[in-house]
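# Chain and residue survey
The residues making up each chain are set out below.
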Amino acid sequence: MTEPSPDGRLRRRDRRTRRIVVPLTVVSAIVAGTVLSGCGQQRDPDVYTVMNSSTDESYHRWDGDTLKRCSKELGITIEQQSVPAAQLMTKALRMASSKSLPDVLQLDASEMPTFAEAGGLIPLKDLGLATTDIPEGIVDFGSYDGEYYGAARTVNTLALFYNKDILDKAGLKVPTTWDEMRDTAKELTQGKRYGLALSAGGAEDGVFQFTPFMWSNGGDETELDSPEVAGALDYWKALLKDGSLSKSTVNWTQADVNDQFMAGNAAMMINGPWQVETLNAKKGLDWGIAQIPVPEAGDDSVGPLGGGVLTVPNTGDSEREKTAAKIIGCMASEQEQITYALNSWMVPANTKAAAVWRTKAPELAALAGQVSTARSRTAKVGAQWSSVSLALQSAFQSALTGESSEAALKRAQRQVTSGN
């Protein structure tokens, strides 16, 4: 989607797309008015709607196939309505104001808390959906304030992609620590080729890519001006100073990073599984994947969980909401998760489904390991994540173009604290 959700998938064809941050007060006013006034327009009792951001042809088709199977299984008609990722929240709010929300709404997990806090979603456990065989981190991914609102079918995170031929020719091993990655990237930087590519742009892409460095270094989004967060940003600055990162890093999206890697302009990159389909289409490109290096050997590589979650909007029609939950139960069933994950190169949310998926996609085993330690961006700060993200974006742009990390992050923390 993230961005295309930082799952990145929907931005492959429109890199200018950016999510619109809608203030919580606006969401609350619109959603509260809808809930209090009850049901809106008359609905066909046998036709249900799932709204998502699957405008990409492949994803739209895969979701369509899923809904056909679920329609048959549940004995109803389920229609798909796809909206560009950057417009989804705004579209959902317009539908809320006209009391015409879909039965199932797929939201980027980072946006879900905003809708939930405004009272716009029904807790899924209240509708009979359990979290059995779903790892705690992925339950948190779909939760807000202790309530489970969003069921993930698949999740993704970031990993280190590397060009096998370039590393082999240089006689270098895949780095596992920050020191190793810095040394390796520096040695692989030759001519027009940089050792490493990543996104540090002023958008959610950059924040998504910074979190593995921040979290693995012990930093936390609740204290942006901590030494641990500054240390992670200083590490990025060191890579830039070495010449191992392009100065254009501050402008690149994750799609741009992938383009550089495919063109041979970067020996390694930080990116996600949504790029695999494109990478596999490049003839002669022999790539591998590994967990993102950590500050010290033995540390956990803690990346961000990305992707969308399926939610049931609070429409005031309890019977339709119960059926909507059954639709989610079908879409997120083990077999549907496996099918969707194999198509999209994501990782199934269900533990049993993920075990089967690993046997069918062994080349992504490192990604499965990265997911096992990954966590949600909104787990600690909830709907405040959008403010944190904007503050970090500003800090990157300043620190990577000359300001000290400490000064940039102190300003970012003040920005979050003040709400401005």
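Residues numbered from 1 in each chain as written. Predicted model: local features only at pLDDT ≥ 70, side-chain atom pairs only at ≥ 80, totals over all residues. Heavy atoms only, no water.

What follows covers the state of the cysteines. Counted under the stated rule, the structure contains 1 disulfide. Note that Cys70 is cross-linked by a disulfide to Cys330, the S-S spacing being 2.1 Å. Because the torsion about its S-S bond is -95°, the bridge between Cys70 and Cys330 counts as left-handed. Residue Cys70 is located in helix α2 (residues 57-74), and its partner Cys330 is located in helix α12 (residues 318-331); the two are separated by 260 residues in the primary sequence. With respect to burial, Cys70 and Cys330 carry one shared label: buried. (Disulfide = S-S within 2.5 Å. Helix = DSSP H or I, 4+ residues; strand = E, 2+ residues; numbered from the N terminus. Buried < 20%, exposed > 50% of the residue type's maximum accessible area, 1.4 Å probe, protein only.)

Where helix α13 (residues 334-344) contacts helix α14 (residues 351-360), the two axes come as close as 9 Å, and the packing angle between them is 35°. Of the two elements, α13 crosses α14, and the hand of that crossing is right-handed. The segment α13 lies against α14, with Glu334, Gln337, Ile338, Ala341 and Leu342 engaging Lys352, Ala353, Val356, Trp357 and Lys360. Class assignment for the residues of the contact of α13 with α14 results in 6 nonpolar, 1 polar and 3 charged. (Axes fitted to C-alpha atoms, helices over the stretch in contact; angles between N-to-C directions. Left-handed = near helix turned anticlockwise from the far one by under 90°. Contact = heavy atoms within 4.5 Å. Nonpolar A, V, L, I, M, F, W, Y, C, P; charged D, E, K, R; others polar.)

As a further point, take the sheet that holds strand β9 (residues 266-271). Taken in spatial order, the 4 strands line up as β8-β9-β7-β10 in an open sheet, and their pairing is mixed. The open sheet is flanked by β8 (194-197) and β10 (287-290), the only strands paired with a single partner. With direction set aside, neighbouring strand axes in the sheet form an average angle of 20°. Judged from the 3 bridges that link them, β8 and β9 form a sheet pairing that is parallel. (Pairing = 2+ DSSP bridges.)

We now examine a negative patch on the surface. There is a patch of like negative charges on the surface, built from Asp179, Glu180, Asp183, Glu187, Glu296, Asp299 and Asp300. With respect to the helices and strands, the residue Asp179 is situated in helix α7 (residues 178-188). Look at Asp179 and you get exposed, because its relative accessible area is 54%. (Patch = residues over 30% accessible without salt bridge, like charges linked within 9 Å, V, L, I, M, F, W, Y side chains within 5 Å. Areas by Shrake-Rupley, 256 points an atom, 1.4 Å probe, with all protein chains shown as cover. Salt bridge = Lys/Arg side-chain N within 4 Å of Asp/Glu carboxyl O. Lys, Arg positive; Asp, Glu negative; His and termini not counted. Charge placed at Lys NZ, Arg CZ, Asp CG, Glu CD.)

Within the secondary structure, Ser404 is located in the loop between α16 (385-399) and α17 (405-418). By relative accessible area, Ser404 is classed as partly exposed at 33%. Measuring from C-alpha to C-alpha, the distance between Ser404 and Leu233 comes to 9.4 Å, with 171 residues separating the pair along the chain. Once residues lying within four places of it in the same chain are set aside, the contact partners of Ser404 are Lys237 and Ala399.

Now for the pattern of salt bridges. On inspection of all chains with the given rule, the structure shows 12 salt bridges. Between Glu57 and Arg61 there is a salt bridge, with the nearest N and O atoms lying 3.0 Å from each other. In this pair, Glu57 and Arg61 are both assigned in helix α2, 4 residues apart and thus about one turn of the helix distant. The partly exposed category is assigned to Glu57, whose relative accessible area is 48%. Three or more residues joined by partner-sharing salt bridges are found here, namely Asp108, Glu204 and Arg377.

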